[in-house]
Amino acid sequence: NKGTALADIARRLDLSSEVVFAAGDQLNDLPMLTRRYARWLAAPGNAVEPVKEVVRQQEGFVSKLLHGDGVAEGLEFCLRSAKRAQ
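Residues numbered from 1 in each chain as written. Predicted model: local features only at pLDDT ≥ 70, side-chain atom pairs only at ≥ 80, totals over all residues. Heavy atoms only, no water.

**A short note on the side chain of Ser63**
For Ser63, the location among the structural elements is in the loop between strand 3 (61-62) and helix 3 (67-85). The class for Ser63 is buried, based on a relative accessible area of 3%. Among the polar contacts listed, one links the side chain of Ser63 to the backbone nitrogen of Leu65, at a separation of 2.8 Å. Setting aside chain neighbours within four positions, we find Ser63 in contact with Ala43, Pro44, Gly45, Gly70 and Glu73. (Helix = DSSP H or I, 4+ residues; strand = E, 2+ residues; numbered from the N terminus. Buried < 20%, exposed > 50% of the residue type's maximum accessible area, 1.4 Å probe, protein only. Polar contact = N/O pair within 3.5 Å; in protein donor to acceptor, adjacent residues only side chain to side chain. Contact = heavy atoms within 4.5 Å.)

**Section: the pairing of strand 2 (residues 40-43)**
The alternating pattern of strand 2 places Trp40 and Ala42 and Leu41 and Ala43 on opposite faces, both of which are buried. Pairing of strand 1 (residues 21-23) with strand 2, which is carried by three bridges, proceeds in the parallel orientation. Across the sheet, residue Ala23 finds its bridge partner in strand 2, namely Ala42. Here strand 2 runs beside strand 3; their pairing, made up of two bridges, is parallel. Paired with Ala43 across the bridge in strand 3 is Val62. Handedness of the β-α-β unit built from strand 2, helix 2 (residues 49-57) and strand 3 comes out right-handed. (Pairing = 2+ DSSP bridges. Right-handed = clockwise from strand over helix to strand, strands pointing away.)

**Things to note about the pattern of salt bridges**
One pass over the full model with this rule turns up four salt bridges. For the salt bridge of Arg11 with Asp8, the shortest nitrogen-to-oxygen distance reads 2.5 Å. Of this pair, Arg11 and Asp8 both sit in helix 1 (residues 2-12), three residues apart, roughly one helical turn. What makes Arg11 exposed here is its relative accessible area of 56%. According to the relative accessible area criterion, Asp8 is partly exposed, its value standing at 26%. Asp8 is the salt-bridge partner of Arg12, the closest N and O atoms lying 2.8 Å from each other. Here Arg12 and its partner Asp8 are both found in helix 1, four residues apart, which amounts to about one turn of the helix. On the basis of relative accessible area, Arg12 is assigned to the exposed category, the value being 63%. Connected through shared salt-bridge partners, Asp8, Arg11 and Arg12 make up one network. (Salt bridge = Lys/Arg side-chain N within 4 Å of Asp/Glu carboxyl O.)

This is the structure:
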C-alpha cells in the first residue's frame, strides 16, 4: 500500500518520518496519511471527506484549494510551520 511504499522510500533515502510530507485525496491514500510514515500531512479541498477527517484528526492541513494547488498550499503551510519550530 502507499504507506509501506512511502516508508520504503524514506528508508532508502535515510529519512525519518519527521521530515516526510504526505498528501492525498482518495481512500487509497489513507494508509500513508499517518504520523507513522509522515510528520507533515495534507489534503486538497477536493479530497474525499474520510481523507480530510483523518488529516484533521492528526492536526494536518486541509486546503480549500483543489488538486495540485491544494497540495502546494499544504506543503507551503508545513514548510512555514517547520521554520517557526526551529
